[in-house]
Amino acid sequence: MKLWGGRFQKETSQMMDDFHSSISFDQRLFAQDIRGSMAHARMLCRQGILSAADEQAIQAGLQGILQDMQDGKIDFPPESEDIHMLVESILTERIGDAGKRLHTGRSRNDQVALDMHLYAKETCGETIGALRALEETLLTLAQKHAGDVMPGYTHLQRAQPITLGHHLMAYFEMFRRDIIRVRHAREAADCSPLGSGALAGTTYPLDREFAAAELGLARVSQNSLDGVSDRDFLLDYMSAAAIGMMHLSRFCEEMVLWSSIEFGFVTLDDAFATGSSMMPQKKNPDVAELTRGKTGRVYGDLMALLTVMKGLPLAYNKDMQEDKESFFDARDTWLKCLRIFTEMLRTASFRTGNMHRSANAGFANATDCADYLVRKGVPFRDAPAVVGRLVAHCLEKQCAIDDLPLEELQSFSPAFDRDVYDAISLQSCVNARSLTGGPAPERVLAAVQNGRAWLEQLPKD
Ligand code: ARG
C-alpha cells in the first residue's frame, strides 16, 4: 500500500509506477533529504508537536539510514516512488510509529523544494571552488607569460601584437564574471521553503526560521505558493552554467587551433591528449573538443527546465520533477569540464617562440607603423594608406616591414627615419599599449596582482 493510498481502491499499474518514479535520479538527494528531516524533527519537538522520545528515535533512525546509505548498504529499489518516500518507509520499518510522525506539518512539495535548495547551495560552493582553481592557474600562467609577445586577432586574422599574459587574462575576466553569477545563484538557493506545506502552509505552529537556521540557510521563503513552485534558483545556476560553458568552449576552440601544426602555439601534455592508431603522427586535443561539445548539452539542460516551467500554473505540478535530471546534468558537466580543463591548461606548454615569429610575420605592427608616421607629421587620414602600400610591397617580397632598409621605406614616405625600427619592434608595440586593461607587460602584471587580490577577498565558504 502506498503512503498516499487511502482513497484508492486498487494498486497503480506497473507502467504508472515506472513512469512517475524518480528514485533512479533523486537518490542522490539522500543526504539533503535526511538533513532536512532531522531539522524538521528538531523543530517539531521544540514546538511541542513531537514528543522528546519520538524525536530521539527519529534522529537516531535517520542517522542510521544516512550512515547506511553513505556506506552503500541500502539499495534504491525502482519500485520506491522517490527518495522522500524511501527514507520515510525505511525509518518507519526501523523505528515504528514515531517514523510516521516525522512528516507532521510537511508535504513532499516543500520537502523536495528544500532538498533542491540544499543541493543547489552545495553545488554553487563546489563550482566556485572549481572556478577559483582555474583562475589561480590562469594567474600563474599570465604572470609567467606577461612579456611574451603573440599576435592578437580580429576575424582570426593577425591584427596587433599583444602578450600571451594579456590573452590569458581575458579569460580570467570571463571566469570572474562566472564566479559572480554563481555567487548570485548561491544566494538564491540560500532560502528555506520548509513550512510552505503542499501549497498553503500548515496549521501546525511550526518555527520556520528555526528549521532554516538549523540547516544553515539564510532566510525563509515569503510566500507558500512561491516556496513550493519556485525553481528560479536552479535556473540561476543553469544560466550561469550555460554562460560558463560558453566561456570554456571559446577557450577550447583556441586550444584546438593553437595545438594544430598550422598554429603551433601550444603543446598539450601527453596525459591530456589522445592518439590515433591509424595515423600514428596524431595528437588530438580531446579535452578541448569534448568540453566544446558538451556545451550544447548544458544549453539544452537550461532550455529544458525553462520550458518545463513556462506554462505551469501555481503551485506545485508534477512537471517540476523534471527539474532534477537537467540540473544534475548541468552541474556534473560543468564541474567535470572545469576540473579537467584546468589540469589540461596547467600542464600545457606554450610555444612562445612560434607566437613571436607569427606576430613578426603577420604585419601585426602595421598600426604602429602608421602611428609612427603620424608622429612624424603625416596626416592621420593618410598614414594607413602609406602603410597599406608598404604591406603590399612586403607581401610581394615576402618580408616584414622592418626587414626593409631605410631607403626603401623612405621611397614610401620621406617621414621614415632611423628610429622607425625601434618604434615598430614588437616589444615597443606592446610596451606602448599600457592603458588600464592593455597588453603591456607591466599592465598584465598589475592585472595579475589585482586578480589575485580579488580572489583572496572572496569569502571562502
Ligand atoms: N518526486 C517528486 C518531485 O521530485 C516529489 C514531490 C512529489 N509531490 C507530490 N505531490 N507528488 O517533484
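Report follows, based on the coordinates. A quick note: this is a predicted structure, and the numbers were derived from the prediction, not measured. (Residues numbered from 1 in each chain as written. Predicted model: local features only at pLDDT ≥ 70, side-chain atom pairs only at ≥ 80, totals over all residues. Heavy atoms only, no water.)

## Considerations on the overall build of the protein chain
Next up, step 1: When helices and strands are tallied, the protein chain shows 20 helices and six strands.
Next up, step 2: The long-range share in the protein chain, meaning contacts at least 24 apart out of those at least 6 apart in sequence, stands at 75%.
Next up, step 3: As displayed, the protein chain offers around 22000 Å² of accessible surface, 53% of which is attributable to carbon and sulfur atoms. (Helix = DSSP H or I, 4+ residues; strand = E, 2+ residues; numbered from the N terminus. Contact = heavy atoms within 4.5 Å. Areas by Shrake-Rupley, 256 points an atom, 1.4 Å probe, with all protein chains shown as cover.)

## Things to note about a nonpolar patch on the surface
Next up, step 1: Together, Leu199, Leu225 and Leu314 make up an exposed nonpolar region whose accessible area comes to about 270 Å².
Next up, step 2: In this structure, Leu199 sits in the loop between β3 (191–192) and α9 (208–214).
Next up, step 3: For Leu199, a relative accessible area of 42% translates into the label partly exposed. (Patch = residues over 30% accessible without salt bridge, like charges linked within 9 Å, V, L, I, M, F, W, Y side chains within 5 Å. Salt bridge = Lys/Arg side-chain N within 4 Å of Asp/Glu carboxyl O. Buried < 20%, exposed > 50% of the residue type's maximum accessible area, 1.4 Å probe, protein only.)

## Section: the packing of helix α7 (residues 108–144) against helix α11 (residues 232–258)
Each pair of packed helices gets described by two things: the angle between the helix axes and the distance between those axes.
Next up, step 1: Relative to each other, α7 and α11 sit at 25°, their axes nearing to 10 Å. One element, α7, and the other, α11, form an angle in the roughly parallel class. In this structure, α7 crosses over α11, and the sense of that crossing is left-handed. Across from Ala113, Met116, His117, Ala120, Thr123, Cys124, Thr127, Leu134 and Leu138 in α7, the residues of α11 making contact are Phe233, Leu234, Tyr237, Leu248 and Phe251.
Next up, step 2: Residues of the contact of α7 with α11, tallied by class, amount to eleven nonpolar, three polar and no charged. (Axes fitted to C-alpha atoms, helices over the stretch in contact; angles between N-to-C directions. Parallel < 35°, antiparallel > 145°, perpendicular 65-115°, else oblique. Left-handed = near helix turned anticlockwise from the far one by under 90°. Nonpolar A, V, L, I, M, F, W, Y, C, P; charged D, E, K, R; others polar.)

## Observations concerning the nonpolar core
Next up, step 1: Ranked by size, the top nonpolar core spans 105 residues in total, and within it Met69, Met255, Trp258, Trp334 and Phe350 carry the most contacts.
Next up, step 2: Sequence-distant contacts of Phe350, that is, excluding residues within four places in its chain, are made with Leu141, His145, Leu164, Leu168, Met255, Trp258, Phe265, Val266, Leu345 and Met355.
Next up, step 3: Core analysis: the next-biggest nonpolar cluster, separate from the first, contains 22 residues, Phe363, Cys394, Leu404 and Ile424 among them. (Core = buried A, V, L, I, M, F, W, Y, C linked by side-chain atoms within 4.5 Å.)

## Focus on the site of the ligand
Next up, step 1: If you check the shell around the ligand, you find Ser22, Asp82, His84, Arg108, Asn109, Val112, Tyr316, Gln321 and Lys324 and nothing else.
Next up, step 2: Compared with its free state, where it exposes 340 Å², the ligand has 86% of that area covered by protein.
Next up, step 3: Per element, the largest residue contribution to the shell around the ligand is three residues, and it comes from α7.
Next up, step 4: Considering only residue class, the shell around the ligand consists of two nonpolar, four polar and three charged. (Near = heavy atom within 4 Å.)

## Concerning the pairing of strand β1 (residues 149–154)
Next up, step 1: Where β1 lies against strand β2 (residues 157–163), six bridges are found, and the strand directions are antiparallel. Opposite Thr154, over in β2, you have Gln157 as the bridge partner.
Next up, step 2: Between β1 and β2, which pair antiparallel and follow one another directly, the connecting turn spans two residues, one of which, His155, has a positive phi of 55°. (Pairing = 2+ DSSP bridges.)

## Brief notes about the state of the cysteines
Next up, step 1: Taken as a whole, this structure holds zero disulfides when the rule is applied.
Next up, step 2: The closest cysteine sulfur to the non-disulfide-bonded Cys394 is located on Cys399, 4.1 Å from its own sulfur. (Disulfide = S-S within 2.5 Å.)

## A word on unusual backbone geometry
Next up, step 1: Following Leu314, the chain continues to Ala315 via a peptide bond in cis, the omega torsion being 0°.
Next up, step 2: In this structure, Ala315 sits in the loop between α12 (286–310) and α13 (323–347).
Next up, step 3: Unlike most non-glycine residues, Phe363 shows phi in positive territory, near 60°.
Next up, step 4: Within the fold, Phe363 resides in the loop between α14 (352–361) and α15 (366–375).
Next up, step 5: The buried category is assigned to Phe363, whose relative accessible area is 13%.

## A short note on the side chain of Lys121
Next up, step 1: In this fold, Lys121 is placed in helix α7.
Next up, step 2: Residue classification places Lys121 among the buried residues on the basis of a relative accessible area of 16%.
Next up, step 3: In this structure the side chain of Lys121 is engaged in a polar contact, spanning 2.8 Å, whose partner is the backbone oxygen of Gly216.
Next up, step 4: Not counting the four nearest positions on each side in its chain, Lys121 is found in contact with Arg186, Ala189, Asp190, Gly216 and Leu217. (Polar contact = N/O pair within 3.5 Å; in protein donor to acceptor, adjacent residues only side chain to side chain.)

## Let's talk about the packing of helix α8 (residues 164–189) against α11
Next up, step 1: Running from amino to carboxyl end, α8 crosses α11 at an angle of 165°, the nearest separation of the two axes being 8 Å. Judged on the interaxial angle alone, α11 and α8 are roughly antiparallel. Handedness of the crossing formed by α8 with α11: left-handed.

## Looking at the packing of aromatic side chains
Next up, step 1: For the structure shown, the criterion picks out 14 aromatic pairs.
Next up, step 2: Between Tyr237 and Phe327 the ring centres are 5.3 Å apart and the planes differ by 55°, which places this aromatic pair in the tilted class. One end of the pair, Tyr237, is in helix α11; the other, Phe327, is in helix α13, with 90 residues separating them in the sequence.
Next up, step 3: Judged by relative accessible area, which is 1%, Tyr237 ranks as buried.
Next up, step 4: What makes Phe327 buried here is its relative accessible area of 0%.
Next up, step 5: Between the aromatic rings of Phe327 and Phe328, the centroid separation amounts to 6.3 Å while the plane-to-plane angle is 65°, which identifies the pairing as edge-to-face. Comparing Phe327 with Phe328, the two get one shared label, buried. (Phe/Tyr/Trp six-rings, centres within 6.5 Å; stacked < 30°, edge-to-face > 60°.)

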